[in-house]
Amino acid sequence: MLEAQGIRKSYGGITALAGVDFAVRTGTVHALLGENGAGKSTLVKVLVGALAPDAGALRLDGRELRAHTTAEAVDRGIAVVSQELNLFPDLDVLANLFPMREPRRAGLVARRAMAGRARPVLDELGLDLDLDQPVEQLPLDQRQLLEIARALCTDPRVLVLDEPTSALHAEAVDRLHEVVRRLSRRDVGIVYVSHHLEDVLAVCDTVTVLRDGEVAVSAVPAATLTVDRIVAHMLGDKVAAVMAARSNEVATTVEPGTPALRFEQVTVGTELQEVDLAIPAGRVLGVAGVDGAGHRTLLSVAAGVLRPDAGRVVLPDGAPLGRGLRAAIQQGVAVVSGDRKRFGVMLDKPIWDNIGQVSAVGLRRDGMVVRAGRLRERARAHVGSLGIKTPSVDQEVGMLSGGNQQKVVFAKWFESSPAVLLLDDPTRGIDVGAKAEIYNLLQEQSRRGVVQVVASSDPRELAAICDEVAVFYDGRVCARLSGERLDAHTILEVMNTGRAPEHAVGVAGEHPGGAPR
Amino acid sequence: MQRAGRLVLGQDFLGVLVATVALVLLIGANYPRFLQPDQLASILNNAAYIGILACGLAFLLAMRELDLSVGSVYALTALACAMLVQEGLDPWLAALLAIVVGGVLGLVNALLIQYVGLPSIVATLATLAMYRGLTLALSEGTQVVGPPIDSSFSQVISADVLGIPVPGLTLIVVAAVLTVVLRATPFGYRVRSIGSNPEAAAFSGIPVGRVRTQAFVLTGALGGLAGVLTIGYLGAADPNTGTGYELQAIAAAVIGGTSLAGGRATIVGAALGAVLLGVVASGLAYFSVPINWNQFALGAVILGAVSLDSFVRRRRRRARAAAGPRL
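Throughout what follows, the structure given in this document is the object of discussion. All residue numbers here refer to positions counted from 1 along the written sequence of the relevant chain. In the order they appear in the text, chains get letters beginning with A and ligands get numbers beginning with 1. Residues qualify for local features only when their pLDDT is at least 70, as the model is predicted, and side-chain atom pairs are given and counted only at 80 or more; totals for whole chains, interfaces and linings, by contrast, use all residues. Working from all heavy atoms in the structure, the side-chain values ignore hydrogens and water.

### Details of the nonpolar core
Looking at soluble globular proteins, one finds that nonpolar side chains tend to be buried together. Here is the rule we go by: Here, nonpolar core refers to any group of buried Ala, Val, Leu, Ile, Met, Phe, Trp, Tyr and Cys residues whose side-chain atoms link them within 4.5 Å. Only protein chains enter the calculation, and the probe is 1.4 Å; a residue is then buried if its accessible area is under 20% of its type maximum, exposed if over 50%, and partly exposed in between. Helix and strand assignments come from DSSP, with helices taken as H or I runs of at least 4 residues and strands as E runs of at least 2, each series counted from the N terminus. Contact criterion: two residues are considered in contact whenever any of their non-hydrogen atoms come within 4.5 Å of each other.
By size, the foremost hydrophobic cluster in this structure holds 232 residues, and its most contacted members are Leu-97, Leu-146, Leu-159 and Phe-472 of chain A. A per-element tally of this core places helix 3 (residues 37-62) of chain B first, with 16 residues. Ignoring any residue separated from it by four or fewer positions in sequence, one finds Leu-146 of chain A in contact with Leu-87, Val-93, Leu-97, Leu-122, Leu-127, Leu-129, Val-135 and Leu-138 of chain A.

Written out as structure tokens, the structure is:
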């Protein structure tokens, strides 16, 4: 019934969708899968009219939809539950259920009629809510269910669920799946986008996998697939040639005396529970997991941004980590975020000013006088050694390409000679060539004895640059992969299932991973 | 020579410099008396108080903060100085303490912003009224006489050096010193870093809260300095003095080329901005514009200067966008 044909979309020079066909049929649940950046979100946006494709056609019941907009999509019965929660936090539950289409009576909003329509929908989802409660008072999982309820209130014919379970606990997921099956029996066509592959297999009829903006697997019956096969399709057989895999040494136990970054029984609410890790000098630990699994929380703890409720972090020099970001930076911790425009660079300032920001300005290592000439000179050295492509160090950073901007971020940290390098998706949005150069920089840091902890949305990247990968599930380390057992496929599988593969040495004995749903 | 030329042309305060010189020449062409050194010195002198306040505000604007209480700090510190002299303190010591009082008032602003979590515009809007109210209450609404005219303090402040009255000279010194602070110390770099990208600044080890506190204390202390100068020059503290100075000082900083978006500032520009406002005010008198039109004319000048600045910046941004990101 809803059909997309030959959809193309590119942002700037980057192709998000390169001619994708996709169709949802009445009464089926169609899974749309793929890695981050494979094009799922873009396709969803095109389907619901939030984004106009560069080329291609959309048809609903055989009739072409031209100048497709979200308003039109809603009118025609296409509803979406998006990944980012789109509720109005200040308004109450009822008002959130009928945005822009409140039932009216004599020009006024008819709250009783609204409540009458809302109740059955909420009951179906098992949501027992006070309709007058402001949404901001609701916990995250209830908000997510509320968003689903809002979509259901429109009586959709096509329902797009984009990561609907990311904030839900197991029981709510089961209930949602029950509703999804019931809707599909009522001839609603459902598109189900999720990272939780087991959820997908539990509820979907057909599966489409996107890879790098193209269809890798087109509408295959879910019954013929396993988590394993899906992962293989998501990754494809190409392993980027630039990722000259380092010799993944098999992880050894770390002697108590050796310099290492140690996490000792670190607990943060329910996000991290009694995590023990030790990364010796010169080693690279990858941390992986689905959203909210705790791997990024670990980075925040190591950066001093989050204070653990229990346990502690000890730096390679034996000192416990201080309180706060600045203390951590003074102790030699460096933080490189993939969101470089927010956390990394000053776009309106020249390269030399950015490179001096940590050492000369933040840590005042040049004393009480900052000489621009000296900063320029040192910046020139970094521009040379890191291969930052720019006519001069006086160039504004905003004028550089993404890869070169990120190299400026690396330069400002190398300038301060850190002992620990925390990398949160360091090559996000960077082209392949610059990625390879950044990997080389990281190897160089390893040789200098810098400890590195890396989170990445790309499991291939983790497999390529890490000595070992700790996979998180529900706030615990559920497996540590290294040597031959370290590959993108295994990482992706373990982070989705929470179970160490049989052939890997898990740490399940010490710290049991989360119970599989 | 070429290099020096480029140095001048690249400055943010170039616009205000050109405008000020042009305006002075324009008035001078019609009324040559205006170009007499004593006339110009008197304009500089009258601009000194707002100019000093504007220098502090330039720091705050550079880090995306604002202090609306500077005019009230100015009045309250002037009163404090006068009252301390009335208590029998040595005028020099009283002046020093009044500057410290200014710093403390700035600290109060900073603490409200830091610990109560108020935006600076709201916190200082409140202290604008509170400090002014304190001034009125303590003075009981009347003028308080300061140091006697024959004291060494008053003698020094009302003296001339090379034909320039001391308050004007102080503005020049303050602008020079603060320019060095802004351009060549870690504090100055930190202020501009925070204004450019506060999160990246925090993620570079810059203690954002502490730098903000320092900047507010500096602004308060400069308010105190301006207050002390007025006491030394006029000999008495009027509780209503400096009303509306906060807006004129902000205008001076912005006219000078300091961006409200943060990240960059020019101290020299802020001082020149105050001078330009002074030139406009006295120019109007020369052209015998009725005094009731003064406010309107000042507003028009501010609007014109800021529009020009915005126009130039948009042109520059468009040029940059056309160049596009390069490898």
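Now that the structure has been shown, the text picks up again.
### Notes on helix 9 (residues 295-302) of chain A
Residue and element names in this part refer to chain A. Burial analysis of helix 9 places 6 of its 8 residues in the buried class, the great majority of the element. Within the span of helix 9, buried status applies to His-295, Thr-297, Leu-298, Leu-299, Val-301 and Ala-302. Within two residues after helix 9, Gly-304 carries a phi angle of roughly 80°, on the positive side.

### Some thoughts on the packing of aromatic side chains
Residues and elements named next belong to chain B. Going by this rule: Working definition: rings of Phe, Tyr and Trp (its six-membered ring) pair if their centres are within 6.5 Å, and the pair is stacked with planes under 30 degrees apart, edge-to-face with planes over 60 apart, and tilted otherwise.
In total, this model carries 11 aromatic pairs over all chains according to the counting rule given. Measuring from centroid to centroid gives 5.1 Å for Phe-34 and Tyr-286, while their planes differ by 90°, and the two rings are edge-to-face. Taken together, the residues Phe-34 in the loop between helix 2 (14-30) and helix 3 and Tyr-286 in helix 13 (residues 267-286) connect sequence positions 252 residues apart. One exposure class covers both Phe-34 and Tyr-286, and it is buried. Every member of this aromatic cluster is reached through a ring pair, and the members are Tyr-31, Phe-34, Tyr-286 and Phe-287.

### Focus: the interface of chain A and chain B
Let me state the cut-off plainly: Buried area: the accessible area, evaluated with a 1.4 Å probe, that two parts lose upon being put together, summed over both parts. We count a salt bridge whenever a side-chain nitrogen from Lys or Arg sits within 4 Å of a carboxyl oxygen from Asp or Glu. Polar contact criterion, stated in full: a pair of N or O atoms within 3.5 Å, where within protein one must be able to donate a hydrogen and the other to accept it, and residues adjacent in sequence count only if both atoms are side-chain atoms.
The interface is formed by 38 residues belonging to chain A together with 29 residues belonging to chain B. Between chain A and chain B, roughly 2,700 Å² of surface is buried when both sides are summed, and carbon and sulfur atoms account for 53% of that area. Applying the counting criterion to the chain A and chain B interface returns 1 salt bridge. Close ionic contact of Arg-342 of chain A with Glu-199 of chain B constitutes a salt bridge, the shortest N to O distance being 2.7 Å. Between chain A and chain B we count 14 residue pairs in polar contact (both at pLDDT 80 or more) in total. Mapped onto the side of chain A that touches chain B, the elements with two or more residues apiece are helix 10 (325-330), helix 11 (340-344), helix 12 (351-355), helix 13 (357-362), helix 14 (372-386) and helix 15 (402-414) of chain A.

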